[in-house]
Amino acid sequence: MTRVINFSPGPSILPESVLKQAAAEMLDYRGTGMSVMEMSHRSETFLEIIEGAEVSIRQLLSVPANFKVLFLQGGASTQFAMVPLNLFRKKRKAGYLHTGAWSHKAIAEAKRYGTVQVLASSEEDRFTRIPDLGNLRFDPGMDYVHFTSNNTIFGTSYRDFPHTGSIPLVADMSSDILSKEIEVPRFGLIYAGAQKNAGPAGLTLVIIREDLIGHALPETPTMLDYQTAAKARSLYNTPPCYAIYIAGLVFRWLLDQGGLSAMEALNRHKAALLYDFLDGSTLFKATVAEPFRSIMNIPFLLPDNTMNTQFLAQAEAAGFVNLKGHRSVGGMRASIYNAMPAEAVQALVNFMKTFEKNI
Ligand SMILES: *Cc1c(COP(=O)(O)O)cnc(C)c1O
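To keep things clear, this report deals only with the structure shown in the data block. (Residues numbered from 1 in each chain as written. Predicted model: local features only at pLDDT ≥ 70, side-chain atom pairs only at ≥ 80, totals over all residues. Heavy atoms only, no water.)

1. A closer look at the sheet that holds strand β11 (residues 285-286)
At step 1: One open sheet holds the three strands; their spatial order is β11-β12-β14, and the pairing between them is antiparallel. Each having just a single partner strand, β11 and β14 (332-335) make up the two edges of the open sheet.
At step 2: The pairing of strand β12 (residues 297-301) with β14 spans four bridges and is antiparallel. Within β14, the position partnered with P299 by the bridge is R333. (Pairing = 2+ DSSP bridges. Helix = DSSP H or I, 4+ residues; strand = E, 2+ residues; numbered from the N terminus.)

2. Describing the pattern of salt bridges
Opposite charge on two side chains permits pairing when their charged atoms draw close.
At step 1: Scanning the model with the defined rule gives 16 salt bridges in all.
At step 2: Its salt-bridge partner being R252, residue D256 comes within 3.7 Å of it at the nearest N-O pair. Of this pair, D256 and R252 are both found in helix α6 (residues 241-256), four residues apart, which corresponds to roughly one turn of the helix.
At step 3: You can call D256 exposed: its relative accessible area is 58%.
At step 4: We classify R252 as partly exposed; its relative accessible area is 42%.
At step 5: As a salt-bridge pair, R293 and D279 come within 2.9 Å of each other at their nearest N and O atoms. Pair noted here: R293 is in the loop between β11 and β12 and D279 is in helix α7 (residues 259-280), with a separation of 14 residues, a long-range link.
At step 6: Each of the salt bridges in this network shares a partner with another, and the network as a whole consists of R3, E16 and K20. (Salt bridge = Lys/Arg side-chain N within 4 Å of Asp/Glu carboxyl O. Buried < 20%, exposed > 50% of the residue type's maximum accessible area, 1.4 Å probe, protein only.)

3. Structural notes on the sheet that holds strand β10 (residues 204-209)
At step 1: Across the sheet, which stays open at both edges, the seven strands sit in the order β2-β10-β9-β8-β5-β3-β4 with mixed pairing between neighbours. Every interior strand has two partners, whereas the edge strands, β2 (67-72) and β4 (115-121), have only one. Pairs of neighbouring strands in the sheet enclose a mean axial angle of 15 degrees, with direction left out of account.
At step 2: In this sheet, strand β9 (residues 189-193) lies alongside strand β8 (residues 169-172) in parallel orientation, the contact comprising three bridges. Paired with V170 across the strands is L189, a residue of β9. (Axes fitted to C-alpha atoms, helices over the stretch in contact; angles between N-to-C directions.)

4. Some thoughts on the packing of helix α3 (residues 75-87) against helix α4 (residues 101-111)
At step 1: Running from N to C, α3 and α4 point in directions that differ by 40 degrees, and their axes come no closer than 8 Å. With respect to α4, the element α3 is oriented oblique. Read as a crossing pair, α3 and α4 show a hand that is right-handed. On α4, the residues touching S77, F80, A81 and P84 of α3 are W102, K105, A106, E109 and A110.
At step 2: Partitioned by chemical class, the residues of the contact of α3 with α4 number six nonpolar, one polar and two charged. (Parallel < 35°, antiparallel > 145°, perpendicular 65-115°, else oblique. Left-handed = near helix turned anticlockwise from the far one by under 90°. Contact = heavy atoms within 4.5 Å. Nonpolar A, V, L, I, M, F, W, Y, C, P; charged D, E, K, R; others polar.)

Without other data, these values stay purely geometric and don't point to any function.
Written as structure tokens, this is what we have:
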């Protein structure tokens, strides 16, 4: 068996020890004689799995008692609709920060239900930066302010989060949740598709302040009302059982690594390995300037497309896969989520050094 070094933006790399444990428990989960995929979501055993996952993520993020953790389906893209459906009040007004393709989709969806004010945008700079938030004024009539904490495609991220006072702050953290410590109490709602940094596809994580639950617009489908999942502890209908089980193993793995402060230090170290090389290279170039750089997704370019193609082919042959950049940026993108070891990033840097020398 050969495992490649997988830089996929999502679904993406998972800790090898988690995959091994899942393999070992595949046919007989801890003496039950069945796979987690085969058991009732109402069984004692599964209740322990979902409750254990919640305990772990609460511990990792220090989630306060007045926040619910929900295990949902439909991906981050369904949250683009659930957020306005649940958070819009009478005037149906929200502010959005526009920093790329995902915020564009979130804005488009919210516009179906109410008024969206785009408070700041980096579109003019082709999303290579985060807009300046210093002068932003937040109209207290807004029901919430939404932003994308890490822009997976463009490789930008916020150094600090917007200060919205009493207006609930909503974050799409799909590609950087659990990559560093955050202060959950600063937010009204955090959501993330699990498949980038937290587990397999099919599970969507939502962390929501309790007082924001229970006011959904009247036309909201039952399954899209946070109250439905909150009241039933994410067991209103059949949840994505196996994805929750794997995510629970990932959360435990993170705790075993020393939690999110240790993870953040490691992630910063990994990103620095690559950025330092890119900044010193005469051939490769990072597409994002220093203050806006993501530590999860790192896009970079060679001088022309022929060279990009050549590099990608040689990298793949050497076992570095899924490095192709998003079509809107081109070139390469290395996604180096939590589960990517520092040695693997160093191996990529070494490979790039050799490529540069031989060209
Ligand atoms: C991948 C991604 C999404 C879309 O997630 P789905 O779970 O596929 O709907 C949304 N936002 C961000 C920031 C992402 O990286």
